[in-house]
Amino acid sequence: MKKYNVAVAGATGNVGREIVRILQERDFPIHELHLLASERSAGTTMTFRDRDLVVKDLSKFDFQGVHVGLFSPGASVSSRFAPLAAQAGCVVVDNTSFFRMDPDVPLVVPEVNPQAIAQYSKKGIIANPNCSTIQMVVALKPIHDAATIRRVVVATYQAVSGAGKEAMDELFEQTRSTYIPGKTIAPKKFAKEISFNVIPHIDQFLDNGYTKEEMKMVNETKKILDPAIQVAPTTVRVPVFNGHSEAVTIETEKKLTAAEARKLLAQAPGIEVLDDPATLAYATPRQASGKDATYVSRIREDVSCDNGLQMWIVSDNLRKGAALNAVQIAEVLIRQYL
């Protein structure tokens, strides 16, 4: 089997560490693995396949000879270094928001639009969608193929791991301080206290009243699945460490029963249907954490709409919502294009 030189940029972050773990779990055919991060993290070590690898400074790294770059260093860093890597012949799979809406950069979820990967040659970059978009479009795809989705209304329940390690630490410290009389931990990563609370605010507010996170779901769904689909999102941060959940209402052109939808979803790639109210079988973030599947539960017909369905979608936002999707893109890339 041919082996490839791979670089992981942002290797010491939450998503970067997950990428390294998944490359090992899925036995990605690697000849050399380069772990890259900021100057501050350079010199530290990470373990891969029982070897300690030294993290290198991204700003000083030469991408000549690297076949695939898996990037998750932050949008501003990717904006600078992803094109440099691509110019050196490295195909970049970028997990940040910077390139997602670039018309010359494919935005890919392998279970949904793997054919778009072929467009990588335009700029040498493939974009990984937003975590909340990925799990939703995985579940929408079989429904759209069968009945054509007109409109989606979604409320997300997003874990703090999506905002990084400091956000996870903030939830932990605020929760712990509740049990220490007189001690409080002021919010830093979030606008308001996250412990024992929900915050209907992720990313910046825009002039239309939506947040950037919400508009990502609107625009990315159209680019990945179908520009005709209308999406109305509300994104909410919840005091959960890992695993995003979504309550989704779908209106279709053709009537689908809940039983028909359940069968379609059960047969679709990347989905595990967990839906039996009689036995309380439904997915939760703790069940999904550490798993590859996108879980779909609470599949039912919308009592307010003739051609409506409702469902509950849960996935590990660091895996399928980020690292796993990027590695899956790379797997298709090397199998079909490199």
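Up top you'll find the structure we're talking about.
Residues numbered from 1 in each chain as written. Predicted model: local features only at pLDDT ≥ 70, side-chain atom pairs only at ≥ 80, totals over all residues. Heavy atoms only, no water.

**Q** Describe the nonpolar core, naming the residues involved and giving the relevant values.
**A** In terms of nonpolar packing, the biggest core is built from 53 residues, with Phe-63, Ile-143 and Met-311 touching the most fellow members. Counting residues per element, this core draws most heavily on helix H3 (residues 131–147), at eight residues. If sequence neighbours within four positions are ignored, Met-311 has contacts with Ala-139, Ile-143, Glu-246, Ala-247, Val-248, Ile-250, Leu-265, Val-296, Ser-297, Arg-298, Ile-299 and Arg-300. (Core = buried A, V, L, I, M, F, W, Y, C linked by side-chain atoms within 4.5 Å. Buried < 20%, exposed > 50% of the residue type's maximum accessible area, 1.4 Å probe, protein only. Helix = DSSP H or I, 4+ residues; strand = E, 2+ residues; numbered from the N terminus. Contact = heavy atoms within 4.5 Å.)

**Q** I'd like a description of the sheet that holds strand E5 (residues 56–57), backed by residues and values.
**A** The pairing of strands in a sheet comes from backbone hydrogen bonds and takes either a parallel or an antiparallel form. Taken in spatial order, the six strands make up an open sheet running E5-E2-E1-E6-E7-E8, and their pairing is parallel. With partners counted over all chains shown, the strands left at the sheet margins are E5 and strand E8 (125–127), one partner each. Where strand E1 (residues 4–9) meets strand E6 (residues 68–71), four bridges bridge the pair, whose relative direction is parallel. Across the sheet, residue Val-6 finds its bridge partner in E6, namely Val-68. Packed on one face of the sheet, helix H1 (residues 14–25) meets E1, strand E2 (30–37) and E6 and runs near 155 degrees to E1. (Pairing = 2+ DSSP bridges. Axes fitted to C-alpha atoms, helices over the stretch in contact; angles between N-to-C directions.)

**Q** Hey, could you go over the packing of H3 against helix H8 (residues 319–336) for me, with residue numbers and the actual values?
**A** Two elements in contact, H3 and H8, have axes whose closest approach is 8 Å; the angle formed by their N-to-C orientations is 85 degrees. Comparing their axes, H8 and H3 come out roughly perpendicular. Each of Cys-131, Ile-134 and Val-138 in H3 lies in contact with H8, whose residues at this interface are Lys-320, Gly-321, Ala-322 and Asn-325. Tallied by class, residues from the contact of H3 with H8 come to four nonpolar, two polar and one charged. (Parallel < 35°, antiparallel > 145°, perpendicular 65-115°, else oblique. Nonpolar A, V, L, I, M, F, W, Y, C, P; charged D, E, K, R; others polar.)

**Q** I'd like a rundown of the environment of Asp-292, residues and numbers included.
**A** Along the polypeptide, Asp-292 turns up in the loop between helix H7 (285–288) and strand E13 (294–301). The sequence separation of Asp-292 and Met-46 amounts to 246 residues, and the corresponding C-alpha distance is 23 Å. In this view, Asp-292 contacts Arg-26, Arg-319, Lys-320 and Leu-324; residues no more than four positions away in its chain are not counted. Within the structure, Asp-292 has its side chain in polar contact with the side chain of Arg-319 (distance 2.8 Å). (Polar contact = N/O pair within 3.5 Å; in protein donor to acceptor, adjacent residues only side chain to side chain.)

**Q** Run through the side chain of Thr-156, naming residues and quoting values.
**A** Topologically, Thr-156 is positioned in strand E9 (residues 149–157). Side-chain polar atoms of Thr-156 contact the side chain of Gln-158, separated by 2.8 Å.

**Q** I'd like a rundown of helix H2 (residues 75–87), residues and numbers included.
**A** End to end, H2 covers 18 Å across 13 residues, agreeing with the expected 18 Å (1.5 Å per residue, within 8%). Roughly 30 degrees is the biggest bend found in H2, and it falls at Phe-81, with proline Pro-83 one to four residues downstream. Among all positions in H2, only Ser-78, Phe-81, Ala-82, Ala-85 and Ala-86 are buried. Buried residues along H2 sit against E6, strand E7 (91–94) and E8. Positive backbone phi, approximately 100 degrees, marks Gly-89, located one or two places after H2. (Expected span 1.5 Å × (residues − 1). Bend = angle between axes of the 7 residues up to and from the residue.)

**Q** Mind laying out the sheet that holds E13, listing which residues take part and the relevant values?
**A** With mixed pairing, the six strands of this open sheet are ordered in space as E10-E9-E11-E14-E13-E12. In this open sheet, the two strands that pair with only one neighbour each are strand E10 (230–234) and strand E12 (271–273). Strand-to-strand, the axes of this sheet are offset by a mean angle of 25 degrees, without reference to chain direction. Bridging between E13 and strand E14 (residues 308–315) involves five bridges; their strand directions are antiparallel. Note on E14: the bridge partner recorded for Arg-300 is Gln-310. Against the sheet, helix H5 (residues 212–224) engages E9, E10 and strand E11 (244–252), with an angle of about 155 degrees to E10.

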